[in-house]
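The residues making up each chain are set out below.
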Amino acid sequence: MFFYKLLTNLLLIFLFLTGCGTITEEPIDDNKNQVIKDEKVEIEDNEENSNAKQVEDKDIKKNFTKAKVNRVVDGDTVNIQVNGKKETVRLLLVDTPETKHPNLPVQPYGPEASDFAVEILAGKEIQIEFDGPMRDHYDRLLGYIWVDGENFNKMLIEEGLARYAYVYDPPYTHQDEMKQAEQQAMEAGIGIWSMEGYVTDDGFHIEKEVPESGTNGNQDGIYFANCSEAHKAGVTPLYEGDPGYGSHMDGDGDGIACE
């Protein structure tokens, strides 16, 4: 009897000890794993979106927009096609003499500026760089036109066909180089700078109203607004003292116009 109880107690102790040593494996929670996986994907997506946003912001800061020139209005205004829409661009920081102003006659070097714009821009693929307010009070786009890697606004100034003007919201990205270009054109006395007192702070000024071609523009009764008219009349080159000669057509001031 004693032996039976001892055996029973030993068996119970053995079962107790082996039961405590058993490791119960926790069931896998698929939902928990999916949450962890989703959180990882979300973090990766956020990182990609952040990187994409940084690239997008960088592109926006460049402020360049591709467009195509449909028509040149005058030296400092062009019609373009951009993003499937027709727009008018007024060139930033430049002013060329008038050719189509309703209240002003054609001004010296206005036709030359228009011809230069047609030569360089007509039908071209361009880029517009915005610098400050994008539109003026006429709802025209305001910007620099880049063509073949060159700043056309600056080119007009370099050629003596425009003055640096309409500085409303400085500082501008290209203001220093454009002012320097104007100074060089002024010192060289080319284009608009070949006529003493012609360029003013508020535009272009001539002592008396410019008459139409063929009227009494000088003592000989002959006046040409530009070299194009003189060429058509077949009288070029014009020497100082010749009928029709005008200093506004003598860009280098050597006494010979429309060479």
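Scroll up to find the structure.
Please read these numbers as outputs of a predicted model, since none were measured by experiment.

Once that is clear, we can look at the pattern of salt bridges. For the structure on display, the rule yields 10 salt bridges. Residue Arg-90 pairs with Asp-76 through a salt bridge whose shortest N-O separation is 3.4 Å. Here Arg-90, found in strand β3 (residues 85-91), pairs with Asp-76, found in the loop between β1 (64-74) and β2 (77-82); they are 14 residues apart in sequence, far enough to count as distant. Here the two residues Arg-90 and Asp-76 agree in accessibility, since each one is buried. With a shortest N-O distance of 2.9 Å, Asp-95 and Arg-163 are connected by a salt bridge. Here the residue Asp-95 occupies a position in strand β4 (residues 94-95), and Arg-163 occupies one in strand β8 (residues 163-164), the gap between them amounting to 68 residues. A single burial state applies to Asp-95 and to Arg-163, both of which are buried. Overlapping salt bridges bring together Asp-76, Arg-90, Asp-95 and Arg-163 as one network.

The omega torsion across Pro-170 and Pro-171 is 0°, close enough to zero to call that bond cis. Note that Pro-171 resides in the loop between β8 and α5 (175-188).

Right, let's get into the nonpolar core. In terms of nonpolar packing, the biggest core is built from 43 residues, with Ile-80, Leu-121, Ile-126, Ile-145, Phe-152 and Leu-156 touching the most fellow members. The leading source of residues in this core is strand β6 (residues 141-147), at six residues. If sequence neighbours within four positions are ignored, Leu-156 has contacts with Gly-75, Leu-91, Val-94, Thr-96, Ala-113, Phe-116, Leu-161 and Ala-162. Counting residues in each nonpolar core, the second largest holds eight residues, with Phe-224, Leu-238, Tyr-245 and Ala-257 among its members.

A word on the layout of surface pockets. To find leftover empty space, a probe the size of one water molecule is rolled over the atoms. Roughly 640 Å³ of internal volume is contained in the largest pocket. As for the largest pocket, its lining consists of 27 residues, and the residues nearest its centre are Arg-90, Asp-136, Tyr-138, Arg-140 and Tyr-166. If you list the elements that add at least two residues to the lining of the largest pocket, you get β1, β3 and β4. Here the lining of the largest pocket is composed, by residue class, of 13 nonpolar, four polar and 10 charged.

Rules of the game
Residues numbered from 1 in each chain as written. Predicted model: local features only at pLDDT ≥ 70, side-chain atom pairs only at ≥ 80, totals over all residues. Heavy atoms only, no water. Salt bridge = Lys/Arg side-chain N within 4 Å of Asp/Glu carboxyl O. Helix = DSSP H or I, 4+ residues; strand = E, 2+ residues; numbered from the N terminus. Buried < 20%, exposed > 50% of the residue type's maximum accessible area, 1.4 Å probe, protein only. Core = buried A, V, L, I, M, F, W, Y, C linked by side-chain atoms within 4.5 Å. Contact = heavy atoms within 4.5 Å. 1 Å grid on protein atoms, 1.4 Å probe; cavity = no way out; pocket = protein on both sides within 12 Å on 5 of 7 lines; lining within 4 Å. Points joined across faces, edges and corners; volume = space filled by probe spheres on them. Nonpolar A, V, L, I, M, F, W, Y, C, P; charged D, E, K, R; others polar.

These figures come from the coordinates and say nothing about function on their own.
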